[in-house]
Amino acid sequence: AMDRESVREAVSLQPSIDCTRTWNDESDELILTLERPLAPCAMYRWSLGTGARAQDGAPLAYPRTGSFITDLDSDAPRVIGTYPMILSGAAWITAGSDLNDLENGQSIGIRFSEALDPDGIATGIRIEPSQSGMVQLATPDLVLFTPNSGWPPECPMHLVVSPDIKDLSGLCMGGEYREGFTPATRYLRILRVWAETDEALDLPENGQILRVRVGAEPDGIRSLGIWLSGPFDAEAKAAFMNGVELAVFFPSNLPGPVLRGIAWPSDDTAIVEWQGLRASEIPVVNYYELQIRGGPGGLTDSLGSYPGEDIRIIVEAKP
């Protein structure tokens, strides 16, 4: 049985480590329990000096020394696969063969060769250009990056994994992992705008003119159909008119059109009705402008896609 205080002063480890010391009831066995992991692939030396005494005062006859190497795990972690992934119930499932299949509503799954140390995961995964999102450890060897908003359409990006990512033994990757990809999300396109069968534009471009008949005064009613490349759910339909407007173009003293209603014959087609339009009276031709706003703050479908730029169609009111 040992004098515990003398042993505490006589035992040492190099490099030093943080540990707790636990004795058995007989005081003849000391257990050192690590408070933090040892450095990987490193040599440690321990020693017990002659200052260690038994409870009866007898000193250790001669010092004891030894060493050990933390090389049981010598393989650095590495990325072995990346996939689009989606949460199904309580499980994450693969949703594509590679990151070029990535759609809005999906996360990037990064599979590693072994279990990882959770510390440093949050700062060790990033997207370039910068994309805010949440990083989580789904399983010991699977990391997920979930963007806070949809993936930007038709935008080349890079997944970057820091070389500081560690496995449970503390081994770092050692080299940065970088993978280029372009998400499968596409810009929302306007496929067709029409008033009547013979009054239509297919794949309209900025500045094109759509000649239409308008209703008689004082109502001056005109409906325009807008066929889009993506679906609209209830939320996207409710926000539809935040991205669409019909305004006076020329002459400027025309009364402004007033929205009368909107109908959805299908999830990708809106019929919008305005009133207050005025037919042209020769020689003056009345023009209105149908404005469809693009960009992240513009017209957005239920998948998060939006037009790449503003689209303005000139609506000519026939005499």
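Nothing here was measured: the structure is a model prediction, and the numbers come from that model.

**Quick word on the overall build of the chain**
Move 1: Assigned secondary structure in the chain consists of three helices and 22 strands.
Move 2: Compactness check: the chain gives a C-alpha radius of gyration of 35 Å against a globular reference of 20 Å for 319 residues, more than 25% above the reference.
Move 3: Viewed in the frame of its principal axes, the chain has a C-alpha envelope of about 120 × 35 × 30 Å.
Move 4: The burial tally for the chain puts 37% of its 319 residues in the buried class.
Move 5: A fraction of 61% describes how many contacts in the chain between residues 6 or more apart in sequence connect residues 24 or more apart.
Move 6: Charged side chains in the chain number 24 positive and 45 negative. The centres of these two groups are separated by 3 Å.

**Points about the sheet that holds strand 12 (residues 157-161)**
Move 1: Spatial ordering of the open sheet is given by 9-12-13, a layout of three strands whose pairing is antiparallel. Edge strands, defined here as strands with exactly one partner in the open sheet, are strand 9 (125-128) and strand 13 (177-181). Between one strand axis and the next, the sheet turns through 20° on average, direction left out of account.
Move 2: Two elements, strand 9 and strand 12, share four bridges in a ladder whose sense is antiparallel. Residue pairing across strands places Ile125 opposite Val161, the latter belonging to strand 12.

**Quick look at the nonpolar core**
Move 1: Counting 29 residues, the largest nonpolar core has Leu224, Leu228, Phe240, Val244, Trp274, Leu290 and Leu299 as the members making the most contacts within it.
Move 2: Listing elements by their share of this core, those giving two or more residues are strand 14 (190-196), strand 16 (209-212), strand 17 (222-228), strand 18 (244-250), strand 20 (269-275), strand 21 (286-292) and strand 22 (311-317).
Move 3: Among the elements that make up this core, the one with the highest residue count is strand 22 (four residues).
Move 4: Excluding residues that lie within four positions of it along the chain, Leu224 makes contacts with Trp194, Ala195, Leu210, Val212, Ala270, Ile271, Val272, Trp274, Leu290 and Val315.
Move 5: Counting 20 residues, the second largest nonpolar core, distinct from the first, contains Ile110, Leu116, Ile125 and Leu159.

**Here we look at the sheet that holds strand 22**
Pairing between sheet strands relies on hydrogen bonds along the backbone, with the strands arranged either parallel or antiparallel.
Move 1: Strands sit in the order 16-22-21-18 across an open sheet of four strands; the sheet is mixed. Edge positions in the sheet fall to strand 16 and strand 18, since each has one partner strand and no second. Shown here is a sheet whose adjacent strand axes are inclined to one another by a mean of 30°, direction ignored.
Move 2: Examined bridge by bridge, strand 18 and strand 21 share six bridges and lie antiparallel to one another.

**Comments concerning a negative patch on the surface**
Move 1: A surface patch of like charges, here negative, comprises Asp25, Glu26, Asp28 and Glu29.
Move 2: As for its position among the elements, Asp28 is in the loop between strand 2 (19-23) and strand 3 (30-34).

**Quick word on the pattern of salt bridges**
Move 1: Counted under the stated rule, the structure contains 21 salt bridges.
Move 2: Here Arg53 makes a salt bridge to Asp3, at a shortest N to O gap of 3.7 Å. Here Arg53 is found in the loop between strand 4 (43-48) and strand 5 (64-69), whereas its partner Asp3 is found in the segment before helix 1 (4-10), with 50 residues between them in sequence.
Move 3: You can call Arg53 partly exposed: its relative accessible area is 37%.
Move 4: Classification of Asp3 as partly exposed rests on a relative accessible area of 26%.

**Let's talk about the packing of aromatic side chains**
Given two aromatic rings, one states the distance between the centres and the angle between the planes to describe the pair.
Move 1: What the rule picks out here adds up to seven aromatic pairs.
Move 2: Seen from their ring centres, Trp151 and Phe181 are 6.3 Å apart, and the 85° between their planes marks the pair as edge-to-face. Of this pair, Trp151 sits in the loop between strand 11 (142-147) and strand 12 while Phe181 sits in strand 13, and the two are 30 residues apart along the sequence. There is no split in this pair, since Trp151 and Phe181 are both buried.
Move 3: Members of the aromatic cluster, each reached through a chain of ring pairs, are Phe145, Trp151 and Phe181.
Move 4: The aromatic ring of Tyr62 is capped on one face by Arg64, whose charged end is 3.9 Å from the ring centroid.

Parameters and conventions
- Residues numbered from 1 in each chain as written.
- Predicted model: local features only at pLDDT ≥ 70, side-chain atom pairs only at ≥ 80, totals over all residues.
- Heavy atoms only, no water.
- Helix = DSSP H or I, 4+ residues; strand = E, 2+ residues; numbered from the N terminus.
- Rg over C-alpha atoms; globule rule 2.2 N^0.38 Å.
- Buried < 20%, exposed > 50% of the residue type's maximum accessible area, 1.4 Å probe, protein only.
- Contact = heavy atoms within 4.5 Å.
- Lys, Arg positive; Asp, Glu negative; His and termini not counted.
- Charge placed at Lys NZ, Arg CZ, Asp CG, Glu CD.
- Pairing = 2+ DSSP bridges.
- Axes fitted to C-alpha atoms, helices over the stretch in contact; angles between N-to-C directions.
- Core = buried A, V, L, I, M, F, W, Y, C linked by side-chain atoms within 4.5 Å.
- Patch = residues over 30% accessible without salt bridge, like charges linked within 9 Å, V, L, I, M, F, W, Y side chains within 5 Å.
- Areas by Shrake-Rupley, 256 points an atom, 1.4 Å probe, with all protein chains shown as cover.
- Salt bridge = Lys/Arg side-chain N within 4 Å of Asp/Glu carboxyl O.
- Phe/Tyr/Trp six-rings, centres within 6.5 Å; stacked < 30°, edge-to-face > 60°.
- Lys NZ or Arg CZ within 6 Å of the ring centre and 35° of its normal.

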